[in-house]
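# Geometric and topological summary
Residue strings, one per chain:
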Amino acid sequence: FKQICQGVCHLHQNGIIHRDIKALNVFYDPPHERYKIGDLGVSRQLSEQTMMVKTFYGTPLYLSPELVENRAYNEKTDIWSLGVLLYELCALQPPFRAGTLMELAKLVVAGVYEPVSDRYSPVLHRCLSWMLTKDYRKRPSIVELLDYMDRKLDLPPWRDPPAVDDADDDDETNSAGSDGDDATQSEDSIDGGRPRSAAPAGRQAHAVGVGRAAPLR
């Protein structure tokens, strides 16, 4: 699931909303042990002039409340879909189920679903409730979600470590040998060894579109 989130992060950092995240659009690459996000046919590029979108796309079971109600939406609609996907991975069924589209729409807008089994960790329960929040403004960004999982589950950093050239490294070593002030400042500027503005590591996740995979960098 973290690899899928990294793929979504790559899209969002490039101003792209996928708009159709679902189990059928996640592909597994056995030789490289990677999960890839595919089918960008309905994805949408955002710009400074189009921070909210109104066109309707997506698969009913994964639609966010704002899409169901035909309201403007942004990249947080992908976060909702990720929540539905994670729930489906745990419960082997979607959180919102109904016999008709109208009934399904009512359940999604209400945002009420049966919790997954207690055998799953509190961290997973928290992620689900966070992603499946009706108000998109209260959902996490994909960066916040990845940082939360790393912190709570003690996962390897999803972002690359800060780049330091040889000259800077030598200067830092000399300063640390004298009074350690520079080394302390360097540690204070990094959250958990990860720069806040760094792009996601791209060794495991890909966003797939137009017949080819674009590795995250």
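Just so it is clear, the model here is predicted, and its values are computed rather than measured. (Residues numbered from 1 in each chain as written. Predicted model: local features only at pLDDT ≥ 70, side-chain atom pairs only at ≥ 80, totals over all residues. Heavy atoms only, no water.)

### Thoughts on the overall build of the chain
- Across its full length, the chain holds eight helices and six strands.
- Sequence-ordered secondary structure for the chain, helices as α and strands as β, is α-β-β-β-β-α-α-α-α-α-α-α-β-β.
- By the burial criterion, 41% of the 217 residues in the chain qualify as buried.
- Looking at the chain alone, contacts between residues at least 24 apart form 62% of all its contacts between residues at least 6 apart.
- Approximately 12300 Å² of the chain is accessible, and the part contributed by carbon and sulfur atoms is 51%. (Helix = DSSP H or I, 4+ residues; strand = E, 2+ residues; numbered from the N terminus. Buried < 20%, exposed > 50% of the residue type's maximum accessible area, 1.4 Å probe, protein only. Contact = heavy atoms within 4.5 Å. Areas by Shrake-Rupley, 256 points an atom, 1.4 Å probe, with all protein chains shown as cover.)

### Some remarks on the packing of aromatic side chains
- All chains considered together, the criterion is met by five aromatic pairs.
- For the ring pair Y28 and Y35, a centre distance of 4.7 Å and an interplane angle of 35 degrees mean the geometry is tilted.
- On the accessibility criterion, Y28 (43% relative accessible area) is partly exposed.
- On the basis of an interplanar angle of 80 degrees and a centroid distance of 5.9 Å, the ring pair of F96 and Y113 is categorised as edge-to-face. Separated by 17 residues along the polypeptide, F96 in the loop between α3 (76-91) and α4 (101-110) and Y113 in the loop between α4 and α5 (122-131) bring together distant segments of the chain.
- We classify F96 as buried; its relative accessible area is 1%.
- Ring-pair connections join several aromatic residues into one group, and the members of that group are W80, Y87, F96 and Y113.
- The ring centre of W130 lies 4.7 Å from the NZ or CZ of R126, which sits over that ring. (Phe/Tyr/Trp six-rings, centres within 6.5 Å; stacked < 30°, edge-to-face > 60°. Lys NZ or Arg CZ within 6 Å of the ring centre and 35° of its normal.)

### Notes on the pairing of strand β3 (residues 34-37)
- Where strand β2 (residues 26-29) and β3 come together, four bridges link them in antiparallel fashion. Across the sheet, residue F27 finds its bridge partner in β3, namely K36.
- Joining the antiparallel neighbours β2 and β3 is a turn of four residues, in which E33 adopts a positive phi near 55 degrees. (Pairing = 2+ DSSP bridges.)

### Some words on the nonpolar core
- In terms of nonpolar packing, the biggest core is built from 32 residues, with C5, L82, L86, C127, M131, I142 and L145 touching the most fellow members.
- Mapped by element, the contributors of at least two residues to this core are α1 (2-13), α3, α4, α5 and α6 (142-153).
- In terms of residues, this core owes the most to one element, α3, which gives eight residues.
- Apart from the residues lying within four places of it in its own chain, the contact partners of L145 are C5, C127, W130, M131 and P140. (Core = buried A, V, L, I, M, F, W, Y, C linked by side-chain atoms within 4.5 Å.)

### A closer look at α6
- Given a rise of 1.5 Å per residue, 12 residues ought to cover 16 Å, and the 16 Å separating the end C-alpha atoms of α6 matches this to within 8%.
- Looking one or two residues past α6, D154 carries a phi angle of roughly 55 degrees, positive in sign. (Expected span 1.5 Å × (residues − 1).)

### Remarks on the side chain of D29
- Within the fold, D29 resides in strand β2.
- At 3.5 Å, the side chain of D29 and the side chain of K36 are in polar contact.
- Beyond its immediate sequence surroundings of up to four residues, D29 is in contact with R34 and K36. (Polar contact = N/O pair within 3.5 Å; in protein donor to acceptor, adjacent residues only side chain to side chain.)

### Quick look at unusual backbone geometry
- Of note in this structure, N70 is not a glycine but carries a positive phi near 60 degrees.
- Tracing the backbone shows N70 in the loop between α2 (65-68) and α3.
- Judged by its relative accessible area of 57%, N70 falls in the exposed class.
- One non-glycine residue, L92, adopts positive backbone phi at about 60 degrees.
- Examined against the element boundaries, L92 turns out to sit in the loop between α3 and α4.
- According to the relative accessible area criterion, L92 is exposed, its value standing at 75%.

Without other data, these values stay purely geometric and don't point to any function.
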